[in-house]
Amino acid sequence: MPAQESGAVSSIPEALPASSDPPAPSEEPAPEDETLYVSTAGEFLEAIAPGAVIELAPGVYNLTEYLHEAPDDISDYIVRGFSSDGWQAEIRGVGNLTIRGEEGGKTEVVAEPRYSDVIYFNACSDIAIENITFGHTTEKGSCEGAVLAFDDCRNINLDGLDLYGCGTYGVAADHTAGITLQDCIIRDCSYGIIDMIFCSDVTCEDCTFRDNGGYDMLSLRGSFVLFDGCAFAGNEGSSFLPADYSRGSESGARFAHCTFDRWESQHLNEELKGRGNFVIGKDCQFRVEPGRRTVYASSMEQLIENIAPDTQIMLAPGKYNLSDTLSELFAQEGEHFNESREFVRIDEVADGLELVVTGVSGFTIASESGSAADTEIVTDPRYADVINFENCSGTGIMNLAMGHTEADKCAGDVLYFTFCSDTVLCGLDLYGCGAYGISADECGLLTCFDSTIRDCEDGTLKLYAAQEREMFLNCVMTGSGRGGFFFADNESGGEFYFWRCIFGERESSSFASLVSDGVIVAEDCSWSDMTEPPILDDKSACEFDATRVQYDYAVIGSDFGDFLSTVLTFRLIKAFDKGYKNA
């Protein structure tokens, strides 16, 4: 961040008049076919300008040594700012700038002062930095400046970087939109991995985050981040997720195809509870702490006998008839089965038996293969739910196909939840004849993503008296026999969010008639045979781009971070509306 003698953060570098505003990013075109080749710190900093493509030869570039002798205003676009213990390079108002290290060699840019960022960018846009190592020369554990810092910037692309401590965070950004880290390493930082303050459209892909320590590993305030294919290992601090979770600075993240080491796995397990904005996607891998079991099952009997708190059941590929197993168990034990089990019971329905999972926390069932295409659970009775969950928390169901064996009129649902919370469903194929694919009665914090709900007798979703947020992300809902949806909230004020979902014909037409005491919102969804999304009742919202409230620097799009940001906006609108009516 911009430095000043006291060491506190200032938005105006010392070298500029106090009344001047940061310049707007310059749009001057880059000279044709011009790449600037540099080999010293001075050549590098003096070459920075709008449209420049700068290639650094292999070697170490000590910016501090150059800044000691440089003027305060190095150029129209770069100044030196003073922190408590030295100078830092501050790049201001530059657009369309590329900085890259020469391929085949190691290029390292370093700074000495512990209170300085290695490089600080202000009011810049379209910045690409590639194939360079950045860090402080001071050993890990004693820095107050970040490695790379961005303030009020747009479209930052970091590719193939190695960012190391003692810097506080590998990347620190404030009010910046469009940050992409691709194939980067952030290591040995003294506060955490990243620090994002009111940032949008942030993506980290195929990155490694290791051996960072201090405080929140992910310091997020009013920001949402997608981590895809990233590895977290050897990090250790006060928390993994943001500890500051006040209403005015809510944040979130989605993790897809990521791996987590032991400390990260343990803290995620503890910190995710009640944190619906943080979603763990399919194909993530964890090093499980002692005390949490992983059981590999190849039969329904093995699955049933191992249902317990803090247990993950990995189901081998195959098609499993749950009703056959329930019939065998009930024939062998009768009511003694229910009397002798704490977390499961067998209920009788009109035409058979139903499995009920009750009072369990931290229970997960997933396909061992990671695919619903080859792992399927079915039941015969049409009046039975495939599985019924009651009073459960922290339940996960992943990468399974589930349904009834006969396509006829059904009264049971595929999945039924009562008084449950913190439920995550992903990678599922839920099909009829079940009355509804998912029914949830007085539940809170239910998240379903990357799933298909199809061909159910009455509809895809039956959500009654939702206590908190229920979110459906990147789902397909089609083939309903009747209306498609049923929402009933009474006074509970439930909130329902749909992002990048695909709706069939009946689901699309029924969406327009939804009436709810809560909030129903949808963004970037596809509607069958419709050129415009359906218009909901006056307590709902569907056209996000026309109603969202954002900073002028934010990127309006359909990315997951913006979607969650808008969710928070609607929550505030709803709260203000309720307060106004009660006034």
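Residues numbered from 1 in each chain as written. Predicted model: local features only at pLDDT ≥ 70, side-chain atom pairs only at ≥ 80, totals over all residues. Heavy atoms only, no water.

With respect to the overall build of the protein chain
For the protein chain, the count of helices and strands is 9 helices and 52 strands. Residues classed as buried in the protein chain amount to 57% of the 583 residues present. Partitioning the intrachain contacts of the protein chain with sequence separation of at least 6 by distance along the chain shows that 63% fall at a separation of at least 24. Of the roughly 22,800 Å² of accessible surface on the protein chain, a fraction of 46% belongs to carbon and sulfur atoms. (Helix = DSSP H or I, 4+ residues; strand = E, 2+ residues; numbered from the N terminus. Buried < 20%, exposed > 50% of the residue type's maximum accessible area, 1.4 Å probe, protein only. Contact = heavy atoms within 4.5 Å. Areas by Shrake-Rupley, 256 points an atom, 1.4 Å probe, with all protein chains shown as cover.)

Overview of the nonpolar core
In this structure, Phe134, Phe227 and Phe255 are the most contacted members of the largest nonpolar core, which totals 74 residues. Ignoring any residue separated from it by four or fewer positions in sequence, one finds Phe255 in contact with Leu218, Phe227, Phe232, Phe240, Leu241, Phe260, Val279, Ile280, Gly281 and Cys284. Counting residues in each nonpolar core, the second largest holds 63 residues, with Phe363, Ile387, Ile438 and Ala466 among its members. (Core = buried A, V, L, I, M, F, W, Y, C linked by side-chain atoms within 4.5 Å.)

Quick look at empty space enclosed by the protein
Where empty space is left in the structure can be found by rolling a water-sized probe over the atoms. In the structure shown here, the tally under the stated rule is 1 cavity of 30 Å³ or more. Put simply, the largest cavity is a space of about 30 Å³. What lines the largest cavity is simply Leu303, Ile307, Leu355, Val357, Phe363, Ile365, Ile387 and Phe389. At the level of elements, strand E33 (352-358), strand E34 (363-367) and strand E36 (387-390) are the ones that each hand at least two residues to the lining of the largest cavity. Looking at the lining of the largest cavity, its residues break down into 8 nonpolar, no polar and no charged. (1 Å grid on protein atoms, 1.4 Å probe; cavity = no way out; pocket = protein on both sides within 12 Å on 5 of 7 lines; lining within 4 Å. Points joined across faces, edges and corners; volume = space filled by probe spheres on them. Nonpolar A, V, L, I, M, F, W, Y, C, P; charged D, E, K, R; others polar.)

Some details on the side chain of His136
Structurally, His136 is set in strand E10 (residues 133-136). A distance of 2.6 Å separates a polar atom in the side chain of His136 from the backbone oxygen of Ser116. (Polar contact = N/O pair within 3.5 Å; in protein donor to acceptor, adjacent residues only side chain to side chain.)

Looking at the pattern of salt bridges
Summed over the entire model, instances satisfying the criterion amount to 15 salt bridges. Salt-bridge contacts for Arg341 lead to Glu305; the nearest nitrogen and oxygen are separated by 2.7 Å. Of this pair, Arg341 sits in the loop between helix H6 (336-340) and strand E32 (344-349) while Glu305 sits in helix H4 (residues 300-305), and the two are 36 residues apart along the sequence. Its relative accessible area of 38% is what places Glu305 among the partly exposed residues. (Salt bridge = Lys/Arg side-chain N within 4 Å of Asp/Glu carboxyl O.)

A look at helix H3 (residues 262-271)
Helical geometry: 3.6 residues make up each α-helical turn, so side chains three or four residues apart lie on a common side. Of the residues making up H3, those classed as buried are Trp263, Glu264, Ser265, His267, Leu268 and Glu271. Buried-residue contacts for H3 involve strand E23 (231-233), strand E24 (236-239), strand E26 (259-260), strand E27 (278-280) and strand E28 (285-286).

Quick word on the confidence of the model for the protein chain
When pLDDT is averaged across the protein chain, the result is 81; 79% of the residues are at 70 or more. The spread of mean pLDDT over the elements of the protein chain runs between helix H8 (residues 544-547), the lowest at 24, and strand E12 (residues 154-159), the highest at 98. (pLDDT = per-residue confidence, 0-100.)

Here we look at the sheet that holds strand E4 (residues 78-83)
Picture the strands of a sheet paired through backbone hydrogen bonds; they go either parallel or antiparallel. Within the open sheet, the 7 strands sit side by side as E4-E5-E8-E11-E14-E17-E21. Their pairing is mixed. Of all the strands in the sheet, the pair left with one neighbour each is E4 and strand E21 (218-221). In this sheet, neighbouring strand axes are inclined to one another by 15 degrees on average, regardless of whether the strands run parallel or antiparallel. The pairing of E4 with strand E5 (residues 86-92) spans 6 bridges and is antiparallel. Opposite Phe82, over in E5, you have Trp87 as the bridge partner. (Pairing = 2+ DSSP bridges. Axes fitted to C-alpha atoms, helices over the stretch in contact; angles between N-to-C directions.)

Observations regarding the state of the cysteines
Throughout the structure, instances matching the rule amount to 0 disulfides. Unpaired in terms of disulfides, Cys207 finds its nearest cysteine sulfur in Cys230, a separation of 4.7 Å. Residue classification places Cys207 among the buried residues on the basis of a relative accessible area of 2%. Free cysteine Cys392: the closest other cysteine sulfur is in Cys420, separated by 4.7 Å. (Disulfide = S-S within 2.5 Å.)

A short note on the sheet that holds strand E22 (residues 224-228)
One open sheet accounts for 10 strands, arranged E1-E2-E6-E9-E12-E15-E18-E22-E25-E27; its pairing is parallel. Two strands in the sheet have a free side with no partner beyond their single neighbour: strand E1 (36-38) and E27. Each adjacent strand pair in this sheet contributes to an overall mean axis angle of 10 degrees, direction not counted. Relative to strand E9 (residues 125-130), strand E6 (residues 95-101) runs parallel, the two sharing 5 bridges. By the bridge assignment, Gly95 is partnered in E9 with Ser125.

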